Protein chains: 2
Amino acid sequence: MELQVDHPYIPKDLKLPGFVPCFLSQLDILSVYGVASLLVVAFMWNFSGRFPKLSKGDRLLMCWWTFTGLTHMILEGYFVFSPNFYKQKTPFFFAEVWKEYSKGDSRYAARDSTVITVEGITAVLEGPACLLAVYAIATKKSYRYILQVAISLGQLYGTAVYFLTSILEGDNFSASPYYYFWYYVFANSFWCWIPTIIVVRCWKRIVSAVQLQDETKAKTH
Amino acid sequence: MELQVDHPYIPKDLKLPGFVPCFLSQLDILSVYGVASLLVVAFMWNFSGRFPKLSKGDRLLMCWWTFTGLTHMILEGYFVFSPNFYKQKTPFFFAEVWKEYSKGDSRYAARDSTVITVEGITAVLEGPACLLAVYAIATKKSYRYILQVAISLGQLYGTAVYFLTSILEGDNFSASPYYYFWYYVFANSFWCWIPTIIVVRCWKRIVSAVQLQDETKAKTH
């Protein structure tokens, strides 16, 4: 039988039988994620420098797609397929991340079906597509713009569903205003403004390419 | 005080105080929607014929975007902003549609937050964007392909969230296998295969346009 242990999440009456508190401190968790992400970005920045024809913008995009793709596949992928992460009895890093993040949004610990659905689409479809985008940018594939628009719109749609369902359900899933602001609003905001910039950038490129194609066709007819 | 009236929806223990049963028959509701849709499509098919340079494929797309855009804005828009549609005491057509459709998916009557969110994004953002697509195709705007991809991917994402959340919650929202198949699976399937075809078609056009642009740039450098 699993004992009901006090958890730090809101709403207080959320039932999490077998809950085991975080082992690592917030600083530990954020440092590991931060340092790992910096290493990935630094590696990709250097690696992309080997391709002579890439602009700095393209190289920055390759860094973003690597970072967000690995986050989707590894971190969010772990969450989707680990319904019992909050019972984890050892300081396993991925479980710690979600135990900690649930302070900003307890729907993660509660296995809310909308959160699992959005995270599932993100981890399984968008994650690998992000890594394909890195390859497409590096090798200047003709599908590089439309692929980036497709993934970014998916990220924006997912984020919209994530926030709107929370609002409709009373917006009361954060342990405190601190976690609400830093985990729920601030951390997620990167997946609002970065995809928006990418959609605008790639949209313009596509529109100018189609314009050229239309003009070329008009000339030959 | 509102009396609890028996409703035809599953799960049986769903609470719908003040529920008023359908006034119109299934045949009435489907006929009105079917005839109205046919009129809209017939009008757009004829109207689009006035534009001399449009292919039959483009004209078909204009019919689809008009039909789906009006469905999103009017029918789904009504649902999103009418939380009490199931209490409607007069045979108001839009309320009847959703009372009837809820037999296929009771989450509509139950005001499930995910369904409202997906329908809200669809009605408020995608609906007007569909009508913009009609205009963009007719006037051969350079953004016509990317706009169609963006809307179609949104429809596909919404449909994925719609089905996956239902599955995660036990897939038990239909009044019978008949309603499950015809309303929930068959009716929604149009918003799976049609957007998929459109994404593939427009994706190819964009890729060939970008390829042409890349080649043109390579020549001039």
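Residues numbered from 1 in each chain as written. Chains lettered and ligands numbered in written order. Predicted model: local features only at pLDDT ≥ 70, side-chain atom pairs only at ≥ 80, totals over all residues. Heavy atoms only, no water.

Asks: Which residues make up the overall build of chain A, and what are the values?
Replies: A count of helical and extended segments in chain A gives six helices and zero strands. With respect to the three principal axes, the spread of C-alpha positions in chain A is 75 × 40 × 30 Å. Taking all contacts inside chain A whose residues are at least 6 apart in sequence as the whole, residues at least 24 apart take part in 71%. Both charge centroids of chain A, one from 20 positive and one from 16 negative side chains, sit 13 Å from each other. (Helix = DSSP H or I, 4+ residues; strand = E, 2+ residues; numbered from the N terminus. Contact = heavy atoms within 4.5 Å. Lys, Arg positive; Asp, Glu negative; His and termini not counted. Charge placed at Lys NZ, Arg CZ, Asp CG, Glu CD.)

Asks: Describe the interface of chain A and chain B, and please don't skip the residues or the numbers.
Replies: Between chain A and chain B, the contact holds 39 residues from the first and 39 residues from the second. Both faces considered, chain A and chain B share a buried interface measuring about 3200 Å² in area, 72% of it formed by carbon and sulfur atoms. The three residues of chain A that bury the most area against chain B are Ser142, Ile146 and Tyr157 of chain A, which together make up 20% of that side's buried surface. Put simply, chain A and chain B have two salt bridges between them. Residues Asp214 of chain A and Arg144 of chain B are paired through a salt bridge, measuring 3.0 Å at the closest nitrogen-oxygen approach. If you look at where chain A meets chain B, you find seven residue pairs in polar contact (both at pLDDT 80 or more). Only α4 (113-138), α5 (144-168) and α6 (177-220) of chain A provide two or more residues apiece to the side of chain A that touches chain B. If you tally residues by element for the side of chain A that touches chain B, the top one is α5 of chain A, at 15 residues. Partitioning the side of chain A that touches chain B into residue classes produces 21 nonpolar, 12 polar and six charged. (Buried area = accessible area lost by both parts, 1.4 Å probe. Salt bridge = Lys/Arg side-chain N within 4 Å of Asp/Glu carboxyl O. Polar contact = N/O pair within 3.5 Å; in protein donor to acceptor, adjacent residues only side chain to side chain. Nonpolar A, V, L, I, M, F, W, Y, C, P; charged D, E, K, R; others polar.)

Asks: Just give me the short version of the UniProt feature "transmembrane region" (unreviewed entry) in chain A, but keep the residues and values in it.
Replies: Residue and element names in this part refer to chain A. UniProt's entry tags residues 29-48, 60-81, 115-138, 145-168 and 180-203 with the feature "transmembrane region" (unreviewed entry), counted in the numbering of this structure. Structurally, residues 29-48 comprises 100% helix and 0% strand, and the distance from its first C-alpha atom to its last is 28 Å. Secondary structure content for residues 60-81 is 95% helix and 0% strand, and the end C-alpha separation is 31 Å. (UniProt positions renumbered as here; feature names shortened; annotations may be inferred.)

Asks: Describe the pattern of salt bridges, with residues and values.
Replies: Scanning the model with the defined rule gives 12 salt bridges over all chains in all. Between Asp58 of chain B and Lys140 of chain B there is a salt bridge whose closest N-O contact spans 3.7 Å. Of this pair, Asp58 of chain B sits in helix α2 (residues 56-80) while Lys140 of chain B sits in the loop between α4 (113-138) and α5 (144-168), placing them 82 residues apart in sequence. Residue class for Lys140 of chain B comes out partly exposed when judged on its relative accessible area of 36%. You can call Asp58 of chain B buried: its relative accessible area is 12%. Among the charged side chains, a network of salt bridges with common partners joins Asp58, Lys140 and Arg201 of chain A. (Buried < 20%, exposed > 50% of the residue type's maximum accessible area, 1.4 Å probe, protein only.)

Asks: Provide a residue-level description of the packing of aromatic side chains, including the pertinent values.
Replies: Counted according to the given criterion, the structure contains 63 aromatic pairs over all chains. Geometrically, the ring pair formed by Trp98 of chain B and Tyr108 of chain B is stacked, given 4.9 Å between the ring centres and 5 degrees between the ring planes. One end of the pair, Trp98 of chain B, is in helix α3 (residues 93-101); the other, Tyr108 of chain B, is in the loop between α3 and α4, and 10 residues separate them in sequence. Geometrically, the ring pair formed by Phe181 of chain B and Trp182 of chain B is edge-to-face, given 5.0 Å between the ring centres and 85 degrees between the ring planes. Residue class for Trp182 of chain B comes out partly exposed when judged on its relative accessible area of 41%. Positioned over the ring face of Trp45 of chain A is Arg59 of chain A, at 3.9 Å from the centre of the ring. (Phe/Tyr/Trp six-rings, centres within 6.5 Å; stacked < 30°, edge-to-face > 60°. Lys NZ or Arg CZ within 6 Å of the ring centre and 35° of its normal.)

Asks: Break down the UniProt feature "domain: EXPERA" (unreviewed entry) in chain A for me, citing the residues and quoting the values.
Replies: When the UniProt feature table is mapped onto this chain numbering, "domain: EXPERA" (unreviewed entry) sits at residues 57-199 of chain A. In the segment residues 57-199 of chain A, helix accounts for 75% and strand for 0%; the C-alpha atoms at its two ends are 14 Å apart.

Asks: Just give me the short version of the relation of the copies chain A and chain B, but keep the residues and values in it.
Replies: Mapping between the two copies of the chain is achieved by a rotation about an axis and a shift along the axis. When chain A is fitted to chain B, the best match, at an RMSD of 0.0 Å, comes from turning it 180 degrees and sliding it 0.0 Å along the axis. Such a combination of turn and shift is consistent with a two-fold rotation axis. If distances are taken from each C-alpha of chain A to the rotation axis, the shortest is found for Ala209 of chain A, at 2.6 Å. With an isologous cut-off of 70% or more, the 100% of interface residues of chain A that recur at the interface of chain B puts this contact in the isologous class. (Least-squares fit on C-alpha atoms with pLDDT ≥ 70 in both.)

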